[in-house]
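Spelled out, the chains give:
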Amino acid sequence: MADCPNTETLALHLEDHILDIRLNRPESANAVNRPMWHELQEAFEWADRTAEVRVIILSGEGKHFCAGIDLSMFAGITTEHEDPSRANEQFVDHLQGLQRNLQSLRICKKPVLAATHGACIGAAIDMICYADMRYCAAATTFCVKEIDIGIVADVGTLQNLPGLMPDGLVRELALTGRNMDAEEAKESGFVTRVYPDRDALMSGVRSIAAQLAEKTPLAVRGTKRVLNYARDHTVEDGLEYVAIWNAAMMSKIDVEEAMTAKLEKRLPKFLD
């Protein structure tokens with residue numbers, strides 16, 4: 001079994017082709033500090049290149065999924081240059097670095113299932129917007145909080161939410177900073193399922209992840225790529241892309257194993 005990376009702010013566990021990535025700063029409600037930004041990217045890049053990983057579950061330790069950005073990071077953001085324009089350029093570089101950290105969830109070829117509970121605020125929304133599927137416990141509260149601290153959400157929420165829920169609702173949440181409960185999140189399409197509590201959430205999401213882990217990894221990775229491509233292109237472009245993908249990547253070995261397993265009434269065994 002592949003050894004997971006050592007991390008300070010995340011708890012990683014790989015079993016049965018499912019990688020658990022848990023935000024692990026429960027004493028701070030899993031607020032995202034500087035090490036966590038970088039370790040998230042490192043963890044997802046490791047998962048992307050590790051063949052044994054087929055599915056990823058992203059969750060949080062403690063009472064909350066994530067309370068957003070650690071406010072101590074604001075004190076650590078400094079741009080030192082006598083020219084204000086060059087200082088501003090340094091600030092842009094800093095923000096784009098944070099954006100790259102979270103885009104690692106989208107870039108990862110493996111499906112990412114976000115399981116949220118408790119508070120899911122600010123940077124946590126940025127984070128799970130990049131997941132492939134989102135699930136939550138009934139007591140979860142979602143909030144695009146940046147407006148209340150005088151900033152524009154800048155790490156993915158405003159770019160991704162309009163593709164995940166109605167535009168008017170996105171604008172209301174982003175401009176008012178109000179809370180959205182689990183039921184509204186489900187009704188809007190932001191989350192797929194709501195579970196009664198955290199234990200049921202983790203059990204249910206693991207069951208879904210296990211189903212994905214049984215599929216041929218090549219087809220699963222291909223499906224994620226094609227869906228991501230289709231989201232950002234015309235239908236015609238998407239059809240051409242999937243035709244080229246299947247012409248190049250469809251595995252005769254996987255198809256034969258899937259058919260044989262079905263006839264023999266057993267689970268198929270696919271290469272990673």
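Keep in mind that what you see is a predicted model, and the values were worked out from it rather than measured. (Residues numbered from 1 in each chain as written. Predicted model: local features only at pLDDT ≥ 70, side-chain atom pairs only at ≥ 80, totals over all residues. Heavy atoms only, no water.)

Asker: Please clarify how the overall build of the chain should be interpreted in this entry.
Answerer: Along the backbone of the chain there are 11 helices and nine strands. Overall size of the chain, expressed as C-alpha extent along the three principal axes, is 65 × 40 × 40 Å. Buried residues in the chain amount to 44% of all 272 residues. With the model as given, the accessible surface of the chain reaches about 14200 Å², and the carbon-plus-sulfur share is 54%. For the chain, the separation between the mean place of its 29 positive charges and that of its 41 negative charges on side chains is 6 Å. (Helix = DSSP H or I, 4+ residues; strand = E, 2+ residues; numbered from the N terminus. Buried < 20%, exposed > 50% of the residue type's maximum accessible area, 1.4 Å probe, protein only. Areas by Shrake-Rupley, 256 points an atom, 1.4 Å probe, with all protein chains shown as cover. Lys, Arg positive; Asp, Glu negative; His and termini not counted. Charge placed at Lys NZ, Arg CZ, Asp CG, Glu CD.)

Asker: Where do I start with the packing of aromatic side chains in this structure?
Answerer: Two aromatic rings, taken as a pair, are described by how far apart their centres are and by the angle between their planes. For the coordinates displayed, the defined rule picks out two aromatic pairs. For the ring pair Phe 142 and Phe 190, a centre distance of 5.5 Å and an interplane angle of 90° mean the geometry is edge-to-face. A residue pair is termed long-range when its members are at least 10 positions apart, and Phe 142 in strand β7 (residues 141-143) and Phe 190 in the loop between α7 (182-188) and β9 (193-195) qualify at 48 residues. Of the two residues examined, Phe 142 and Phe 190, each falls in the buried class. (Phe/Tyr/Trp six-rings, centres within 6.5 Å; stacked < 30°, edge-to-face > 60°.)

Asker: Looking at this structure, how should I read the pattern of salt bridges?
Answerer: As a working rule, side chains carrying opposite charge can pair if their charged atoms are close by. Taken as a whole, this structure holds 15 salt bridges when the rule is applied. Put simply, Asp 20 and Arg 206 hold a salt bridge, and the shortest N to O gap is 2.1 Å. One end of the pair, Asp 20, is in strand β2 (residues 18-23); the other, Arg 206, is in helix α8 (residues 198-214), with 186 residues separating them in the sequence. Accessibility expressed as a relative area gives 7% for Asp 20, which makes it buried. (Salt bridge = Lys/Arg side-chain N within 4 Å of Asp/Glu carboxyl O.)

Asker: Quick question: what am I supposed to make of helix α11 (residues 252-263) here?
Answerer: Within an α-helix, residues lying three or four positions from one another point in the same direction, as the helix has 3.6 residues per turn. Spanning 12 residues, α11 covers 17 Å between terminal C-alpha atoms, matching the ideal 16 Å at 1.5 Å per step. Within the sequence span of α11, burial applies to Asp 254, Glu 257 and Ala 261. An end-on view of α11 places all buried positions within 65° of arc, on one side of the element. Those residues of α11 that are exposed and angled more than 90 degrees off the buried face are Lys 252, Met 259, Lys 262 and Leu 263. Looking at the buried side of α11, the elements it contacts are α9 (217-231). Here α11 starts with a cap whose side-chain oxygen sits 3.3 Å from the backbone nitrogen of Ile 253, and that cap is Ser 251. Just downstream of α11, Lys 265 is the residue with a positive phi angle, here 55°. (Expected span 1.5 Å × (residues − 1). Arc of directions from axis to C-beta. Contact = heavy atoms within 4.5 Å. Polar contact = N/O pair within 3.5 Å; in protein donor to acceptor, adjacent residues only side chain to side chain.)

Asker: Quick question: what am I supposed to make of the sheet that holds strand β6 (residues 133-137) here?
Answerer: Remark on secondary structure: sheet strands pair via backbone hydrogen bonds, oriented parallel or antiparallel. Within the open sheet, the six strands sit side by side as β1-β2-β3-β4-β6-β9. Their pairing is mixed. The sheet terminates laterally at β1 (10-15) and β9, the two strands that pair on one side only. With direction set aside, neighbouring strand axes in the sheet form an average angle of 20°. Of the strand pairs in this sheet, β6 and β9 are connected by three bridges, and their pairing is parallel. When the bridges of β9 are listed, Cys 136 appears paired with Val 194. (Pairing = 2+ DSSP bridges. Axes fitted to C-alpha atoms, helices over the stretch in contact; angles between N-to-C directions.)

Asker: Can you help me understand the sheet that holds β7 in this one?
Answerer: Spatial ordering of the open sheet is given by β5-β7-β8, a layout of three strands whose pairing is mixed. The open sheet has two free edges, formed respectively by β5 (119-121) and β8 (179-181), since each of these has just one partner strand. Neighbour to neighbour, the strand axes of the sheet diverge by 25° on average, direction disregarded.

Asker: Explain the pairing of β2 here, please?
Answerer: When a strand is regular, its side chains alternate between the sheet's two faces. Counting buried positions along β2 gives five out of six residues, so the element sits mostly inside the fold. Here β1 folds back onto β2, and the loop between the two strands holds two residues, one of which, Asp 16, carries a positive phi near 55°. Pairing analysis gives six bridges linking β2 to strand β3 (residues 55-60), with the strands arranged parallel. Note that in β3 the partner of Arg 22 across the bridge is Ser 59. For the crossover from β2 across helix α1 (residues 34-49) to β3, the handedness is right-handed. (Right-handed = clockwise from strand over helix to strand, strands pointing away.)

Asker: How do you make sense of the packing of α9 against helix α10 (residues 235-249) when you look at a structure like this?
Answerer: Two quantities define a packed helix pair, namely the angle between the axes and the distance from one axis to the other. The geometry of α9 relative to α10 is characterised by a closest axis approach of 10 Å and an angle of 160° between their N-to-C directions. Viewed along their axes, α9 and α10 adopt a mutual orientation that is roughly antiparallel. In the packing of α9 onto α10, the handedness of the crossing is right-handed. Packed against α9, whose contacting residues are Leu 218, Gly 222, Arg 225, Val 226 and Tyr 229, the element α10 presents Asp 237, Gly 238, Tyr 241, Val 242, Trp 245 and Met 249 at the interface. (Parallel < 35°, antiparallel > 145°, perpendicular 65-115°, else oblique. Left-handed = near helix turned anticlockwise from the far one by under 90°.)

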